Amino acid sequence: MGMKGIFAACAAAGMALAAASCATSPAPARVPVQPGWIAPAEAIQRAAEAAPSGVPGIFAMHVQATGTQDGYAYLNSELDYRDQRNLTVAISPNAAKAMEAKLGVSPLDYYKGKDILVHGSAYRTKISITMGHRYTGKYYYQTHVRVADPAQVEVRR
């Protein structure tokens, strides 16, 4: 094989290696779950089985991502809130304001990267997909634990 062939083979191998490394993502942090606590995967399964009712419990998760919409603060167990493995803690506007007053910072900033326990009920929540403020008729489900009282959320130590 000539020099051009060697360079071509090395370049192809390098591109394949780069593509393979891009296709994988780091495993999300997992919170060790104590007896009586419910992990995100179990919360999602139980909420789907109980729908439209909720599943009460103490939910243990690592907050990987956060976001806001319409005054609500969202804490997510996965980097992508649309991931079917994601458990979302949906904090009401009033609870978010009370948390910020107590914590001195936004609950989004305070809880991101932390392991938390959330006391409440997990509900399977239908999310309608819109395009240009119009409903497309398509939807997917998320699992939300609704928080109306700041005392529902605590940091695991």
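Up top you'll find the structure we're talking about.
Residues numbered from 1 in each chain as written. Predicted model: local features only at pLDDT ≥ 70, side-chain atom pairs only at ≥ 80, totals over all residues. Heavy atoms only, no water.

Asks: Could you give an account of the side chain of Thr-125, naming the residues involved and the relevant values?
Replies: Assignment of secondary structure puts Thr-125 in strand S6 (residues 115-131). Engagement of the side chain of Thr-125 in a polar contact is seen with the backbone oxygen of Tyr-123, the distance being 3.4 Å. (Helix = DSSP H or I, 4+ residues; strand = E, 2+ residues; numbered from the N terminus. Polar contact = N/O pair within 3.5 Å; in protein donor to acceptor, adjacent residues only side chain to side chain.)

Asks: Lay out the side chain of His-62 in plain terms, naming residues and giving numbers.
Replies: For His-62, the location among the structural elements is in strand S2 (residues 55-62). Among the polar contacts listed, one links the side chain of His-62 to the side chain of Asp-115, at a separation of 2.7 Å.

Asks: Tell me about the environment of His-144, and please be specific about residues and values.
Replies: The residue His-144 is located in strand S7 (residues 134-147) in this model. Spatially, the C-alpha atom of His-144 lies 9.7 Å from that of Leu-75, the residues being 69 residues apart in sequence. If near-sequence neighbours (up to four positions away) are discounted, His-144 is found in contact with Tyr-74, Thr-88, Ala-90, Ser-121, Ala-122, Tyr-123 and Thr-125. Engagement of the side chain of His-144 in a polar contact is seen with the side chain of Gln-142, the distance being 2.6 Å. (Contact = heavy atoms within 4.5 Å.)

Asks: Quick one: what's the story with the pattern of salt bridges, residue by residue and with numbers?
Replies: Within the structure shown, the criterion is met by three salt bridges. With a closest N to O distance of 2.4 Å, Arg-46 and Glu-42 form a salt bridge. Note that Arg-46 and Glu-42 are positioned in helix H2 (residues 40-50) at a spacing of four residues, about one turn of the helix. Measuring nitrogen to oxygen at the nearest pair gives 3.2 Å for the salt bridge that ties Asp-80 to Arg-82. (Salt bridge = Lys/Arg side-chain N within 4 Å of Asp/Glu carboxyl O.)

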